[in-house]
Amino acid sequence: MNTNHKPNGTFLIISASVFWASMGIFVRGLTDLAGFTSIQIVSLRLSVAALGFTLILYLKDPGGFRIRLKDIPLFLGLGFGSVLFFSTCYFTAIRMMTLSMAAILLYTSPIWVMLLSLLLFHEKMTARKLLALGVSFLGCIFVSGFGSGESSVTPAGILIGLGAGLGYGLYSILGTIALRRYSTCTVTAYTFVTAAIGSVFFCSLPDLWYKITVCTRKPYLCFLIILTGIVTAVIPFLLYTLGLEQVEASRAAILATVEPMAATLIGVVVFHEYMTVSSVAGILCIITAVILLNFHPRKKSNLLRK
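1. A look at the overall build of the chain
Logical step 1: Along the backbone of the chain there are 15 helices and 0 strands.
Logical step 2: With 306 residues in all, the chain has 50% of them scored as buried.
Logical step 3: Here the chain has roughly 15,100 Å² of accessible surface; of this, 72% comes from carbon and sulfur atoms.

In structure tokens:
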């Protein structure tokens with residue numbers, strides 16, 4: 001009976017990663033058409049997501065708004081310490097170093113998750129999991145095209161990039177804890193309301209407000225802002241959080257490395273970017289890691305019993 005749970009959770013997490021990978025389409029659109037900065041796009045994305053998740057919670061489970069006072073630090077950790085912290089660190093790292101180096105440091109997140117899961121959840125550190133971790137990280141390095149351009153790496157940049165990876169990974173850790181006490185809708189709603197409020201302090205609010213008023217005269221830009229929040233935040237975080245109910249935090253973090261692979265394919269299809277040998281090697285590595293995590297020889301006997 002439980003054999004259906006893990007493949008389903010795997011599918012949810014991979015689907016979430018594909019939606020996250022579409023972020024480049026929306027970032028380029030909002031930057032080119034409306035002049036929003038990266039941090040302002042983060043704030044808009046988080047705000048739309050907060051409204052979306054709050055509406056979902058209200059329609060599905062109004063009682064889900066009730067949380068224990070002692071759990072407020074948990075949701076502050078999810079909103080500020082994970083979603084907002086990771087987003088701010090990542091976009092700061094992009095400004096301080098090459099995009100490829102920032103991406104590599106971001107995808108140290110499975111390493112953080114595996115270490116924290118070992119300490120907090122006592123998850124088993126299997127050889128298969130370690131191999132999948134190594135192969136997926138190697139795939140991220142290949143996909144990022146590291147070494148293909150100039151690299152100006154500073155100690156501060158490395159620390160901020162590692163901070164992005166830690167913040168990204170904390171969603172899997174804190175989300176797993178929160179899901180033991182609350183529903184998916186409650187967890188995502190409070191996480192994004194907290195993150196959206198915090199983002200206001202980083203986005204040059206007067207300038208952001210001016211750009212939003214300009215966008216109101218062009219309905220297609222308003223639609224693009226809403227779509228950004230729904231496609232790159234509401235849908236993927238809902239899918240990922242649902243996936244965390246069925247998949248170990250460490251496995252989920254490794255599966256999420258499908259995102260850079262999907263982003264590369266989107267770049268080829270949508271922006272007609274070139275597919276390099278390095279990109280192909282990275283994609284093959286990431287696919288190999290996913291197969292390693294989901295290949296269970298013992299399942300054969302279970303199926304025969306059915």
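2. Details of the packing of helix 4 (residues 72-96) against helix 9 (residues 184-199)
Logical step 1: Helix 9 packs onto helix 4 with a crossing angle of 60 degrees between their chain directions and a minimal axis gap of 8 Å. The angle between helix 4 and helix 9 places the two elements in the oblique class. In the crossing of helix 4 with helix 9, the sense of the turn from one axis to the other is right-handed. Taken together, the residues of helix 9 that come into contact with helix 4 (itself represented by F75, L76, L78, G79, F80, V83 and L84) are T186, V187, Y190, T191, F192, T194, A195, G198 and S199.
Logical step 2: Here the contact of helix 4 with helix 9 is composed, by residue class, of 10 nonpolar, 6 polar and no charged.

3. Comments concerning unusual backbone geometry
Leaving glycine out, the prevailing phi sign among residues is negative, and the prevailing peptide bond configuration is trans.
Logical step 1: Of note, H122 is a non-glycine position whose phi angle comes to about 55 degrees, a positive value.
Logical step 2: Mapped onto the fold, H122 is located in the loop between helix 6 (109-120) and helix 7 (127-144).
Logical step 3: Among the residues examined, H122 registers a relative accessible area of 65% and is labelled exposed.
Logical step 4: Even without being glycine, S204 reaches a positive phi, approximately 55 degrees.
Logical step 5: As for its placement among the helices and strands, S204 is situated in the loop between helix 9 and helix 10 (205-215).

4. Considerations on the pattern of salt bridges
Logical step 1: Scanning all chains against the criterion turns up 5 salt bridges.
Logical step 2: Salt-bridge contacts for R68 lead to D71; the nearest nitrogen and oxygen are separated by 3.3 Å.
Logical step 3: Relative accessible area serves as the criterion here: at 43%, R68 is assigned to the partly exposed category.
Logical step 4: For K211, the salt bridge goes to D207, with nearest N and O atoms at 3.0 Å. With K211 and D207 both in helix 10 and 4 residues apart, the pair spans about one turn of that helix.
Logical step 5: Here the salt bridges do not stand alone but share partners, grouping R68, D71 and R181 into one network.

5. Focus: the packing of aromatic side chains
Logical step 1: Counted by the stated rule, this structure contains 12 aromatic pairs.
Logical step 2: For the ring pair W20 and Y168, a centre distance of 6.2 Å and an interplane angle of 70 degrees mean the geometry is edge-to-face. With W20 in helix 1 (residues 5-21) and Y168 in helix 8 (residues 155-179), this residue pair connects regions lying 148 residues apart in the sequence. Of the two residues, W20 and Y168, neither departs from the other in class, the shared state being buried.
Logical step 3: When the ring of Y171 is compared with that of Y240, the centres are 6.2 Å apart and the planes differ by 50 degrees; the resulting orientation is tilted. You can see Y171 sitting in helix 8 and its partner Y240 sitting in helix 11 (residues 219-244), a full 69 residues away along the chain. The two residues Y171 and Y240 agree in class, both being buried.
Logical step 4: These aromatic residues form a ring-pair network of at least three members: W20, F53, F86, Y107, Y168, Y171, F192, F237 and Y240.

6. Some words on a nonpolar patch on the surface
Logical step 1: A cluster of nonpolar residues, V193, I197, V200, F201, F202 and L205, forms a patch on the protein surface that exposes about 570 Å² of accessible area.
Logical step 2: Here V193 shows up in helix 9.

7. What to know about the side chain of E259
Logical step 1: Summarising the element assignment, E259 is placed in helix 13 (residues 258-270).
Logical step 2: Buried charge without a salt bridge: E259, with R45 as the nearest opposite-charge side chain at an N-O distance of 7.2 Å.
Logical step 3: Of the polar contacts made by the side chain of E259, one reaches the side chain of Y107; its length is 2.7 Å.
Logical step 4: Apart from the residues within four sequence positions on either side, E259 is in contact with S17, W20, A21, Y107 and Y168.

8. Considering the confidence of the model for the chain
Logical step 1: Summing up the model confidence of the chain, the mean pLDDT is 84 and the portion of residues at 70 or higher is 90%.
Logical step 2: When mean pLDDT is compared element by element in the chain, helix 9 scores highest at 94, while helix 15 (residues 299-305) scores lowest at 42.
Logical step 3: Within the model, the stretch residues 1-7 combines pLDDT values under 50 with 8 contacts to residues more than four positions away or in other chains.
Logical step 4: Below pLDDT 50 for its whole length, residues 299-306 participates in 4 contacts with residues either more than four positions away or in separate chains.

What counts and what doesn't
- Residues numbered from 1 in each chain as written.
- Predicted model: local features only at pLDDT ≥ 70, side-chain atom pairs only at ≥ 80, totals over all residues.
- Heavy atoms only, no water.
- Helix = DSSP H or I, 4+ residues; strand = E, 2+ residues; numbered from the N terminus.
- Buried < 20%, exposed > 50% of the residue type's maximum accessible area, 1.4 Å probe, protein only.
- Areas by Shrake-Rupley, 256 points an atom, 1.4 Å probe, with all protein chains shown as cover.
- Axes fitted to C-alpha atoms, helices over the stretch in contact; angles between N-to-C directions.
- Parallel < 35°, antiparallel > 145°, perpendicular 65-115°, else oblique.
- Left-handed = near helix turned anticlockwise from the far one by under 90°.
- Contact = heavy atoms within 4.5 Å.
- Nonpolar A, V, L, I, M, F, W, Y, C, P; charged D, E, K, R; others polar.
- Salt bridge = Lys/Arg side-chain N within 4 Å of Asp/Glu carboxyl O.
- Phe/Tyr/Trp six-rings, centres within 6.5 Å; stacked < 30°, edge-to-face > 60°.
- Patch = residues over 30% accessible without salt bridge, like charges linked within 9 Å, V, L, I, M, F, W, Y side chains within 5 Å.
- Lys, Arg positive; Asp, Glu negative; His and termini not counted.
- Polar contact = N/O pair within 3.5 Å; in protein donor to acceptor, adjacent residues only side chain to side chain.
- pLDDT = per-residue confidence, 0-100.

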